[in-house]
Every structure is written in C-alpha cells, then in structure tokens.
Amino acid sequence: TGESDEHSDGTSKISYLKNAYSDKAYKAFSEVIANASALYYQSFREVCEEVYYGRAKYAILPLFTSEDGSLSSFRKLYLKYDLKIVCTVKIETDGENYIEFALFGKALSTQFGNKKRNVILSVIPDSPEQIGIIICSAEKIGANIISVNTYTVDYSVTESCFDIRLSIDENNL
C-alpha cells in the first residue's frame, strides 16, 4: 500500500512561510493538487518538519532566484529532512527577475501528469573528470542540463559536492 495523498480530513496540507511570493507559489501548486489546504509557519524549519513528521503532505520552499542563483541554506534544509522535489514553479518578482519555488514531499509523485521532471543529483566525485562523465551520460539519455552548482562538504577545503539540475522527459526513458 502506498502513502495516501490526502490526510484523514480529505485535504492535502501544504506548509509554507506566508509572504506575497510564496502565496503565489501556493496558488500555482494548489491548482494541480486536489483539496489543497494551506498551513502557515514562522520558520522554514517548521515548514519542513510538518512534512517530515507527516502533519503536512507538502512543503513550499524557495529553491533558486534569477538574481542570486541556488539558495544553499534551503538546500541544507530539504536534505536534512530528506524531502524530495515534487514539482517547481517560477514566480515573477518584477519585470525580469523570478524566484523558483519547489513543492517538496516525502516521496516523488506522479500525480501531476507532467512527463517532464526536474531532478537534482548531488554528487561528491572522487575526481573532477567524474562530473563530466555524469553530464555526458545524462545528455545521452535525453536529459537537459539546467545548472551545476558546487558546495563545500562540511567546511572541507578539498572536498566539494556538485548539485546537477537536470530536466528529464520521461517519454525518452
């Protein structure tokens, strides 16, 4: 038996920190989630904990901005609480900039009917050449590289983690 997409009251609870941009993200996500219900919290940690402990089905977190790039503090949160990106939406902040929000859950979901998936692979390579091999392999299966970001591992000077963002059309798999 799989995990239900609804809580006992029939709603799919979505936790997030309330502000103008995350409200727009909630509105976009609630259009594809049946019986969506918002839960507001004061911190992003609380937002993640609600999903981790099963009190909410989904969490909304900012993932990327067109001005600042990847938001590493949110990366740490979703990794800490073992959350998976279910889908993403870009919310315009002014005429030319945007914030990309992700809807996170405990598991990947296929309920949205979108055959195109954004995936983040986190890799700690033994050598820099391995990143090139992974990127070439991803392209061979039809994945498009969106971005590659580097993070230090536990304040290590020599070891880095690479987050490779891919867009994969499931029809090609």
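Residues numbered from 1 in each chain as written. Predicted model: local features only at pLDDT ≥ 70, side-chain atom pairs only at ≥ 80, totals over all residues. Heavy atoms only, no water.

Participant: Looking at this structure, I do not really get the nonpolar core. What am I missing?
Facilitator: Most often, soluble globular proteins keep nonpolar side chains buried together rather than apart. Within the largest apolar cluster, 19 residues are counted, with the highest numbers of intra-cluster contacts made by C48, L61, L63, Y78, L83 and F104. Those elements giving two or more residues to this core turn out to be β2 (36-41), α2 (44-52), β3 (58-65), α3 (72-80) and β6 (98-105). Per-element accounting of this core gives the leading share, four residues, to β3. When neighbours within four sequence positions are excluded, Y78 is seen to be in contact with L61, L63, L83, F104, I120 and D163. (Core = buried A, V, L, I, M, F, W, Y, C linked by side-chain atoms within 4.5 Å. Buried < 20%, exposed > 50% of the residue type's maximum accessible area, 1.4 Å probe, protein only. Helix = DSSP H or I, 4+ residues; strand = E, 2+ residues; numbered from the N terminus. Contact = heavy atoms within 4.5 Å.)

Participant: What exactly am I supposed to notice about the packing of aromatic side chains here?
Facilitator: The relative placement of two aromatic rings is captured by the distance of their centres and the angle of their planes. Across all of its chains, the model carries seven aromatic pairs by this definition. Consider the rings of Y16 and Y26, whose centres lie 5.4 Å apart with planes at 25 degrees: the pair is stacked. Taken together, the positions of Y16 in strand β1 (residues 12-17) and Y26 in helix α1 (residues 20-30) put the pair ten residues apart, joining distant regions of the chain. With centroids separated by 5.4 Å and ring planes inclined at 85 degrees, the aromatic side chains of Y16 and Y40 adopt a geometry described as edge-to-face. (Phe/Tyr/Trp six-rings, centres within 6.5 Å; stacked < 30°, edge-to-face > 60°.)

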